[in-house]
Amino acid sequence: MELFYAPTSPYVRKVMACAIELGLADRIVRLPSSAHPLKRDERIAAFNPLAKVPAAKLADGTLLFDSRVICEYLDDLAEGSLFPHGSERWQVLTEQALGDGLLDAALLARYENTCRSDEIRSAEWIGGQMKKIAAALDQMERTTGVFGNRVSIGSLTIACALGYLDFRFATYGWRTSRPALAAWYEQFAKRRSIQETFPHEA
């Protein structure tokens, strides 16, 4: 598989964390990219018309995007258990949606801060996204006991989301009023899949 890669992207990180958990990381060729909400990278667009990472191409030419599709493909390829069957499947998919939703809000807040000039930047917009982040974190705090005992697409997505907050919103202090979530993340982040994919500037 060829994968357009960005070391700061939490969604790319989710794909690579899954690949490590499934023993498939060495089968992924990482392609450099410059994904940006305003400046379109046509290299990525050749794989994904939205020009967003992660975007992948299989050996037979099949194109896959986004992280949700690629992660499930990898799990199917490895006959893994990151996407369980039965009632547990809906639980972990909901956890994945919660983690992705936090990331969506965090990225929108960051883009507002970094891609818009002072004259048109909206503090109200940023505040709205930060409220979504806080609500997602509060839900994670309430349900840590459920996802904390498994390694799944849900727990991996949540770990990537928390790692992104530490990376891009280092002063946010999400741990202060969420001790159960903080304790869970401290332990889960020791996994090799999380340690080896921590975001960094290229």
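Because the structure is a prediction, the values reported are computed rather than measured.

(A) Spotlight on the overall build of the chain. The helix and strand tally for the chain stands at 8 helices and 4 strands. Secondary structure elements in the chain, listed N-terminal to C-terminal, are β-α-β-α-β-β-α-α-α-α-α-α. Computed over C-alpha atoms, the radius of gyration of the chain comes to 17 Å, within 12% of the 17 Å expected from 2.2 N^0.38 for 202 residues, which places it in the range of a compact globule. Expressed as lengths along the three principal axes of its C-alpha atoms, the size of the chain is roughly 45 × 40 × 30 Å.

(B) Region of interest: the environment of alanine 189. Along the chain, the position of alanine 189 falls in the loop between helix 7 (179-188) and helix 8 (192-195). Ignoring anything within four residues of it in the chain, the contact list for alanine 189 reads Ile194 and Gln195.

(C) Just the sheet that holds strand 2 (residues 29-32), in detail. Pairing in this open sheet of 4 strands is mixed, and the strands run 2-1-3-4 from one edge to the other. The open sheet has two edge strands, strand 2 and strand 4 (63-64), and neither has a second partner. Pairing analysis gives 4 bridges linking strand 1 (residues 2-5) to strand 2, with the strands arranged parallel. By the bridge assignment for strand 2, leucine 3 is matched with arginine 30. The sheet strands contacting helix 1 (residues 10-22) are strand 1 and strand 2, and the helix crosses strand 1 at an angle near 145 degrees.

(D) Seen up close, the pairing of strand 1. In the classification by handedness, the crossover that spans strand 1, the intervening helix 1 and the parallel strand 2 is right-handed. As paired elements, strand 1 and strand 3 (residues 55-57) share 3 bridges and run antiparallel to each other. Its bridge partner being in strand 3, glutamate 2 is matched across the sheet by lysine 57.

(E) Region of the structure containing helix 6 (residues 153-168). Taking 1.5 Å of rise per residue, 16 residues should cover 22 Å, and helix 6 covers 22 Å from first to last C-alpha, within 8% of that figure. Counted residue by residue, helix 6 has 13 buried out of 16 residues, so it is predominantly covered. Of the residues that open helix 6, the one with a side-chain oxygen 3.1 Å from the backbone nitrogen of glycine 154 is serine 152.

(F) Summary view of the nonpolar core. Counting 59 residues, the largest nonpolar core has Leu137, Leu162 and Trp184 as its most contacted members. Sequence-distant contacts of leucine 162, that is, excluding residues within four places in its chain, are made with Leu137, Met140, Trp174, Leu181, Trp184 and Tyr185.

(G) Local environment of the packing of helix 1 against helix 4 (residues 87-115). Two elements in contact, helix 1 and helix 4, have axes whose closest approach is 11 Å; the angle formed by their N-to-C orientations is 150 degrees. By the angle between their axes, helix 1 is roughly antiparallel relative to helix 4. Residue-level inspection shows Pro10, Tyr11 and Lys14 of helix 1 in contact with helix 4, the latter providing Gln96, Asp100, Leu103, Asp104 and Leu107. Looking at side-chain class alone, the contact of helix 1 with helix 4 contains 4 nonpolar, 1 polar and 3 charged residues.

(H) View of the side chain of arginine 13. Within the element layout of this structure, arginine 13 appears in helix 1. Summary of buried charges: arginine 13 has no salt-bridge partner, and the nearest side chain of opposite charge, aspartate 166, is 7.7 Å away. When sequence neighbours within four positions are dropped, the list of residues in contact with arginine 13 reads Ala159, Cys160, Gly163, Ile194, Thr197, Phe198 and Pro199.

(I) Geometry of the side chain of threonine 157. Residue position: threonine 157 is located in helix 6. Judged by its relative accessible area of 0%, threonine 157 falls in the buried class. For threonine 157, the side chain forms a polar contact with the main-chain oxygen of isoleucine 153, separated by 2.6 Å. Discounting chain neighbours no more than four positions away, the residues touching threonine 157 are Lys14, Gln96, Gly99 and Asp100.

Definitions and cut-offs
- Residues numbered from 1 in each chain as written.
- Predicted model: local features only at pLDDT ≥ 70, side-chain atom pairs only at ≥ 80, totals over all residues.
- Heavy atoms only, no water.
- Helix = DSSP H or I, 4+ residues; strand = E, 2+ residues; numbered from the N terminus.
- Rg over C-alpha atoms; globule rule 2.2 N^0.38 Å.
- Contact = heavy atoms within 4.5 Å.
- Pairing = 2+ DSSP bridges.
- Axes fitted to C-alpha atoms, helices over the stretch in contact; angles between N-to-C directions.
- Right-handed = clockwise from strand over helix to strand, strands pointing away.
- Expected span 1.5 Å × (residues − 1).
- Buried < 20%, exposed > 50% of the residue type's maximum accessible area, 1.4 Å probe, protein only.
- Polar contact = N/O pair within 3.5 Å; in protein donor to acceptor, adjacent residues only side chain to side chain.
- Core = buried A, V, L, I, M, F, W, Y, C linked by side-chain atoms within 4.5 Å.
- Parallel < 35°, antiparallel > 145°, perpendicular 65-115°, else oblique.
- Nonpolar A, V, L, I, M, F, W, Y, C, P; charged D, E, K, R; others polar.
- Lys, Arg positive; Asp, Glu negative; His and termini not counted.
- Salt bridge = Lys/Arg side-chain N within 4 Å of Asp/Glu carboxyl O.

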